[in-house]
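Structure at a glance
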Amino acid sequence: MVFNDSTSPVCYFCGMELQNTTLGLKLPTDPRWVDLAEIDLAEILTDHAYCEQKAATACISLIQAYPERAELVEALAPIVTEEWGHFRMVLSELKKRDLALGRQRKDEYVNKLLGFQQKGGSRDAALLEKLLTCALIEARSCERFRLLSLHCADESLRGWYHKFMVAEAGHYRLFLDLAEQYFGKEKVWERWQEYLRFEAGVMQELSPRGDRMH
Ligand SMILES: [Fe+2]
Ligand SMILES: [Fe+2]
């Protein structure tokens, strides 16, 4: 993904500028979600913290499952560090505000995406599903961080969220790059469109909650 200004990402596949729907996502988040998220910062920051932890864990799992994929191992090893750094950034923000990290909650959004993964195929086929799922979660996270960076009432948090938006956009691109490297652009594009359509349905189905990043 490329930023031609601070907020307008460009589609990875076609180079088209994506204004409101970032990264090709089919259903933009209602900006009023930001108002809900701001009601209780401890809640949204707790969910954010675990999103970062899960992102780090997902990269570790991919490395464990596909150690023979040298490019994947090399690309994802530093992302583990980066995502764990994000987790620590959220912890610091909680501490600064004298808020406590809460317990991890059921992640309905991610569970639905996991349910969409094609099962029972080869190990390679599973890799494509995992890479696209990761790319999608990064894309939606990026879109939500963008909204927070633009509309958050607490100005000190806007720049803070902007850093996450940029980082997660890079990860979205990295997962799609890896998928394309291993499975080819055409195959990835086709399956990616199916994921995007499914994800839009999931977003429509889940009621917006201020205590959830997704
Ligand atoms: Fe992150
Ligand atoms: Fe990420």
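Residues numbered from 1 in each chain as written. Chains lettered and ligands numbered in written order. Predicted model: local features only at pLDDT ≥ 70, side-chain atom pairs only at ≥ 80, totals over all residues.

Overview of the overall build of the chain
- Each helix and strand in the chain was counted, giving seven helices and zero strands.
- Split into buried and exposed, the 214 residues of the chain put 32% on the buried side.
- Nonlocal contacts in the chain, meaning residues at least 24 apart in sequence, comprise 71% of its contacts between residues at least 6 apart. (Helix = DSSP H or I, 4+ residues; strand = E, 2+ residues; numbered from the N terminus. Buried ≥ 20, exposed ≤ 12 C-beta atoms within 10 Å, placed from the backbone. Contact = placed C-beta atoms within 7 Å.)

Quick look at the nonpolar core
- Membership of the largest hydrophobic core comes to 47 residues, with the highest contact counts inside it found for Leu131, Ala135, Tyr172, Phe175 and Ala179.
- When residues of this core are traced back to their parent elements, those giving at least two are helix 1 (33–39), helix 2 (41–65), helix 3 (70–96), helix 4 (108–116), helix 5 (123–151), helix 6 (155–183) and helix 7 (185–205).
- With 13 residues, helix 5 is the single largest residue contributor to this core.
- The residues contacting Leu131, other than those within four sequence positions of it, are Phe175, Leu178 and Ala179. (Core = buried A, V, L, I, M, F, W, Y, C linked by C-beta atoms within 7 Å.)

So, unusual backbone geometry
- In the Ramachandran plot, Asp98 falls in the positive-phi region, its phi being about 60° despite a non-glycine side chain.
- A residue is classified by how many C-beta atoms lie within 10 Å of it, and Asp98, with 7 of them, is exposed.

A look at the environment of Met89
- Structurally, Met89 is set in helix 3.
- With 17 C-beta atoms counted inside 10 Å, the residue Met89 sits in the partly exposed group.
- Residues Met89 and Phe164 lie 75 residues apart in sequence; the distance between their C-alpha atoms is 9.9 Å.

Looking at the confidence of the model for the chain
- The pLDDT averaged across the chain works out to 90; a share of 90% of its residues lies at or above 70.
- At the low end of the mean pLDDT range in the chain sits helix 1, at 90; at the high end sits helix 3, at 98.
- In the predicted structure, residues 1–6 sits below a pLDDT of 50 and forms 11 contacts with residues beyond four places in sequence or in another chain. (pLDDT = per-residue confidence, 0-100.)

With respect to helix 3
- Between its first and last C-alpha, helix 3 extends 40 Å over 27 residues, near the 39 Å set by a 1.5 Å rise per residue.
- Restricting attention to buried positions, one finds in helix 3 the residues Leu72, Leu76, Ile79, Glu83, His86 and Val90.
- Positive backbone phi, at 60°, marks Asp98, one or two positions downstream of helix 3. (Expected span 1.5 Å × (residues − 1).)

Notes on the environment of Val80
- Here Val80 shows up in helix 3.
- According to the C-beta neighbour criterion, Val80 is partly exposed, with 17 such atoms within 10 Å.
- Sequence separation of Val80 and Glu52 is 28 residues, and the distance between their C-alpha atoms is 9.6 Å.
- Contacts of Val80, omitting those with residues within four sequence positions, involve Ala56, Cys59 and Ile60.

Notes on the packing of helix 4 against helix 7
- Axis separation between helix 4 and helix 7 bottoms out at 10 Å; the angle between their running directions is 145°. The handedness of the crossing between helix 4 and helix 7 is right-handed. The segment helix 4 lies against helix 7, with Tyr109, Lys112, Leu113 and Phe116 engaging Phe198, Glu199 and Val202.
- Split by residue class, the contact of helix 4 with helix 7 holds five nonpolar, no polar and two charged. (Axes fitted to C-alpha atoms, helices over the stretch in contact; angles between N-to-C directions. Left-handed = near helix turned anticlockwise from the far one by under 90°. Nonpolar A, V, L, I, M, F, W, Y, C, P; charged D, E, K, R; others polar.)

Quick notes on the packing of helix 6 against helix 7
- Interhelical geometry of helix 6 versus helix 7 gives an angle of 130° and a closest axis separation of 7 Å. Classified by the interaxial angle, the pair formed by helix 6 and helix 7 is oblique. Where helix 6 approaches helix 7, its residues Leu176, Ala179, Glu180 and Phe183 are matched on the opposing element by Lys185, Lys187 and Val188.
- Residue composition of the contact of helix 6 with helix 7, by class: four nonpolar, no polar and three charged. (Parallel < 35°, antiparallel > 145°, perpendicular 65-115°, else oblique.)

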